[in-house]
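A closer look at the structure
Spelled out, the chains give:
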Amino acid sequence: MTGAGTWSLGESDFQRITAQLQGLLQESNARCALVVDRAGQLLASAGEQLQFDPTAFASLTAADFSANDQLAKMIGEPEFASLFHQGEKESMYLADIGRRVILVVLFDQRTTVGLVRLRVKQTVAELAAVFDEMFGRLASGDGQRGLLEGAEDEIDKLFGE
Amino acid sequence: MSMINYASREINCKLVYYGPGLGGKTTNLEHVYGKVAPETRGKMVSLATETERTLFFDFLPVDLGTIRGFKTRFHLYTVPGQVYYNASRKLILKGVDGVVFVADSQIERMEANVESMQNLYDNMAQYGYDLTKIPFVVQYNKRDLPNAAPIKDLQGQLNPGWSVEEPAKQKPTPDPWHSGDFLVSQVDGMWIERAPYFESVAVSGEGVFDTLKAVAKMVLKSLS
């Protein structure tokens, strides 16, 4: 028993994720898509320029999903794998990816929730494979590690000591 | 769970301010929000009731500088302090990298402090996290009040320490923030480690940044 651990997102993984998001947007006609981890950190986004604070949005997304997870358990469901929030003009669709990350799609009247849901299903499967591979690599200790290895002095300096 | 993002060149870490209701957790974040340069912080989000009691959490992202070309972004969260909000309190701890326990120094709040500390240990354990192994600091807030309990009593009740089993760590380790004090010391033949502590008056900002810097530094060092 220790802490929550650490993981890293490399440049090539980032590009693979972004490419998946772009494909999703093109085929679903949604406005933008984001990938957020369960602790509330934004990993990647694609599509229209975001008109809001993405960091705050990511933290609220993770909280939204966590709260709904607990609600699911209360009614005897293991989880809600997806959530749909309908607005007058703007709506959002959220889907779980391997219980590690969340895919968020924002869309308006230019498309339908049916089309978004259909296309999200495919992206979730594809991104799940990307993340499985990524976390598999991390678990085996292979990949970029030790960015801060030996950085004690630099950390002391940063905090003015 | 800290995340190193090589694409955006950021190190993201999650810090949670925990403690009893009305102890000053939100005030800590508000002070940080008011003091840091606007370009180094994001929007502060508060999910609160109409009477401004935290319902779910407060959230504030701050940049604390750059290391090896990577921005260090700390996501600060508070939890709702009231006992009956435990379900939401537990959710906020998911993926936490560092914890600040904000204790209310007033003598009459001692029981609430102890109960909240126990609740923190319990909730952490349910995620498989061990408070004695992750960056953890205790802040004794409201030191300006006439009914504030002595630090010695608060330490005895809330931060009595845990036994150090690792032989390499069994040596006197001075407390860098309080000269003459030790974080690791031998008590009755047993090696005991305590969490670093800080005194504060969050409404005036006293001790707020000392606490934040200490826990942030511990988190980064745990990655190094």
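Quick notes on the rules
Residues numbered from 1 in each chain as written. Chains lettered and ligands numbered in written order. Predicted model: local features only at pLDDT ≥ 70, side-chain atom pairs only at ≥ 80, totals over all residues. Helix = DSSP H or I, 4+ residues; strand = E, 2+ residues; numbered from the N terminus. Buried ≥ 20, exposed ≤ 12 C-beta atoms within 10 Å, placed from the backbone. Contact = placed C-beta atoms within 7 Å. Nonpolar A, V, L, I, M, F, W, Y, C, P; charged D, E, K, R; others polar. Pairing = 2+ DSSP bridges. Domains from an automatic or database assignment. Axes fitted to C-alpha atoms, helices over the stretch in contact; angles between N-to-C directions. Parallel < 35°, antiparallel > 145°, perpendicular 65-115°, else oblique. Core = buried A, V, L, I, M, F, W, Y, C linked by C-beta atoms within 7 Å. Expected span 1.5 Å × (residues − 1).

**Observations regarding the overall build of chain A**
Along its length, chain A carries four helices and six strands. Written out in order from the N terminus, the α and β elements of chain A read β-α-β-β-α-β-β-β-α-α. Its C-alpha atoms give chain A principal-axis dimensions of roughly 55 × 35 × 35 Å. When each of the 161 residues of chain A is scored for burial, the buried share is 35%. Contacts in chain A between residues at least 24 apart in sequence constitute 49% of all its contacts with a sequence separation of at least 6.

**Describing the interface of chain A and chain B**
Quite often, the size of an interface is put as the accessible area lost when its parts meet. At the junction of the two partners, chain A supplies 37 residues and chain B supplies 38 residues. When residues of the side of chain A that touches chain B are assigned to their parent elements, the largest contribution, eight residues, is made by helix α2 (residues 54–74) of chain A. Taken together, the residues that form the side of chain A that touches chain B break down as 16 nonpolar, 14 polar and seven charged. Here strand β1 (residues 6–9) of chain A runs beside strand β1 (residues 2–5) of chain B; their pairing, made up of four bridges, is parallel. In the sheet register, S8(A) faces β1(B), and the bridge partner there is I4(B).

**Describing the domain arrangement of chain B**
Residue and element names in this part refer to chain B. For chain B, the assigned domains read domain 1 (3–159 + 196–223) and domain 2 (161–194). Each of domain 1 and domain 2 has a C-alpha centre, and these two points are 23 Å apart. Grouping the amino acids of the side of domain 1 that touches domain 2 by side-chain chemistry returns three nonpolar, two polar and no charged.

**Notes on the packing of helix α1 (residues 11–28) of chain A against helix α3 (residues 113–139) of chain A**
All names here are of chain A. At a closest axis distance of 9 Å, the pairing of α1 and α3 adopts a crossing angle of 170°. Of the possible angle classes, the one that applies to α1 and α3 is roughly antiparallel. Each of D13, R16, I17, Q20, L24, E27 and S28 in α1 lies in contact with α3, whose residues at this interface are L115, V116, R119, V120, T123, E126, L127, V130 and M134.

**Overview of the nonpolar core**
Within the largest apolar cluster, 89 residues are counted, with the highest numbers of intra-cluster contacts made by V36(A), L103(A), V104(A), V105(A) and V16(B). Setting aside residues no more than four positions away along its own chain, V16(B) makes contact with Y77(B), V79(B), I92(B), L93(B), V96(B) and V99(B).

**Re α3(A)**
The end-to-end C-alpha separation of α3(A) is 36 Å, in line with the 39 Å expected for 27 residues at 1.5 Å each. Contacts made by the buried residues of α3(A) are with α1, β5 (91–97) and β6 (101–107) of chain A.

**A few points about the sheet that holds strand β4 (residues 82–85) of chain A**
Residue and element names in this part refer to chain A. The antiparallel open sheet is built from five strands, whose spatial order is β3-β2-β6-β5-β4. Two strands in the sheet have a free side with no partner beyond their single neighbour: β3 (42–47) and β4. Geometrically, the sheet is characterised by an average inter-axis angle of 15° between neighbouring strands, direction not taken into account. α3 rests against β4, β5 and β6 of the sheet, and its axis sits at about 30° to β5.

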